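Fold and contact review
These are the residues of each chain, in order.
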Amino acid sequence: MKLFEIVETVIDPEPYRKAVLHASAGAVTVFTGHVREWTKGIRTIYLAYEAYIPMAEKKLAQIGKEIEEQWPNTKVAIAHRIGKLEISDIAVVIAVSSPHRKVAYEANEYAIERIKEIVPIWKKEIWENGQEWIGEQKQKPIVEGELK
Amino acid sequence: MITVLYFAGLKEKTGLDKEQLIFSGKTVKQLLEELQRKYEGLSDGIIQVAINEEYALPEDIIEEKDIIALIPPVSGG
């Protein structure tokens, strides 16, 4: 496994927890994001995720670097699954270790927010009577943005 | 030649996952304008552009052999 990766198979969170453990880590938070059946009253049958894999892995690594710079002595591992995912499957796992728990929680939440902003991954919801690519991008349009 | 990659809804709108174009020495904005003339519906919604796997600005210049990705709003997580 890599510390920051896009995978096409079932995610087991445990290797990511172990990958961030080290002697001075007093806390590890492991977040798993799952496929939800109901969103605003609409029933999802399954999800299809797609990624621009090399750039997505770079951006996941960038998030890890941002965290390790912002919160010293943390270590991060992130994996996102693509392809067809069924209800309750793990779509994403984020493991963050830190000397103390508060930072491990904060940094983990930061990671999922950043994933939703900058990592080129797309989710298509497939419903009983239709399907749609979902865009939750928080960034401003490129004409206004400063993305570098 | 440059390579242009399409993802998610843009792949469906263009019917392509990638194509090669003769286009260099011009800006990201100019490329988007050209592609929006070529593909109906491409201009619906926000599109970001990456050059060689890094987000680019509208005024950035595209060079020969660059790999350009058109990135619709992301929805990972």
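Refer to the preceding data block for the structure.
The structure reproduced in this document is the subject of the present report.

Overview of the interface of chain A and chain B
If you look at the interface, chain A gives 35 residues, while chain B gives 29 residues. Remark: the boundary between chain A and chain B carries 4 salt bridges. Among the ionic pairs, Glu 12 of chain B bridges to Lys 124 of chain A, the shortest N-O distance being 2.7 Å. The interface formed by chain A and chain B holds 15 residue pairs in polar contact (both at pLDDT 80 or more) in total. When contributions to the side of chain A that touches chain B are tallied by element, the ones reaching two or more residues are strand S4 (42-51), helix H2 (53-70), strand S7 (90-98), helix H3 (101-118), strand S8 (121-127) and strand S9 (130-134) of chain A.

Side note on the nonpolar core
The biggest cluster of nonpolar side chains holds 37 residues, and the ones touching the most others in it are Ile 63, Ile 78, Ile 94, Ile 115 and Val 119 of chain A together with Ile 71 of chain B. When residues of this core are traced back to their parent elements, those giving at least two are strand S1 (4-7), S4, H2, strand S5 (75-81), S7, H3 and S8 of chain A together with strand S7 (67-71) of chain B. With sequence-adjacent residues up to four places away left out, Ile 78 of chain A is seen in contact with Leu 3, Phe 4, Glu 5, Leu 60, Ile 63, Val 92, Val 93, Ile 94, Ala 111 and Ile 115 of chain A. The next biggest cluster of nonpolar side chains, apart from the first, holds 19 residues, and it includes Val 4, Val 28, Leu 32 and Ile 62 of chain B.

Section: the side chain of Ser 98 of chain A
With respect to the helices and strands, Ser 98 of chain A occurs in strand S7. Judged by its relative accessible area of 2%, Ser 98 of chain A falls in the buried class.

Rules and cut-offs
- Throughout this description, residue numbers start from 1 for each chain and increase along the sequence as written.
- Working convention: letters from A go to chains and numbers from 1 go to ligands, in the order in which they are written.
- Totals for whole chains, interfaces and linings use every residue, but because this is a predicted model, local features are given only for residues with pLDDT of at least 70 and side-chain atom pairs only at 80 or more, for both listing and counting.
- Hydrogens and water molecules were not included; the side-chain quantities draw on all heavy atoms of the structure.
- Whether two residues are in contact is decided by their heavy atoms, any of which lying within 4.5 Å being enough.
- Any Lys or Arg side-chain nitrogen located within 4 Å of an Asp or Glu carboxyl oxygen qualifies as a salt bridge.
- Nitrogen and oxygen atoms within 3.5 Å of one another constitute a polar contact, given that in protein one can donate a hydrogen and the other can accept it, and given that sequence-neighbouring residues count only through two side-chain atoms.
- Helix numbers and strand numbers start at the N terminus; a helix is a DSSP run of H or I with at least 4 residues, a strand a run of E with at least 2.
- Among buried residues, those of type Ala, Val, Leu, Ile, Met, Phe, Trp, Tyr and Cys that are joined through side-chain atoms within 4.5 Å constitute a nonpolar core.
- Think of it in three bands: with a 1.4 Å probe and only protein chains considered, a residue is buried below 20% of the maximum accessible area for its type, exposed above 50%, and partly exposed in between.

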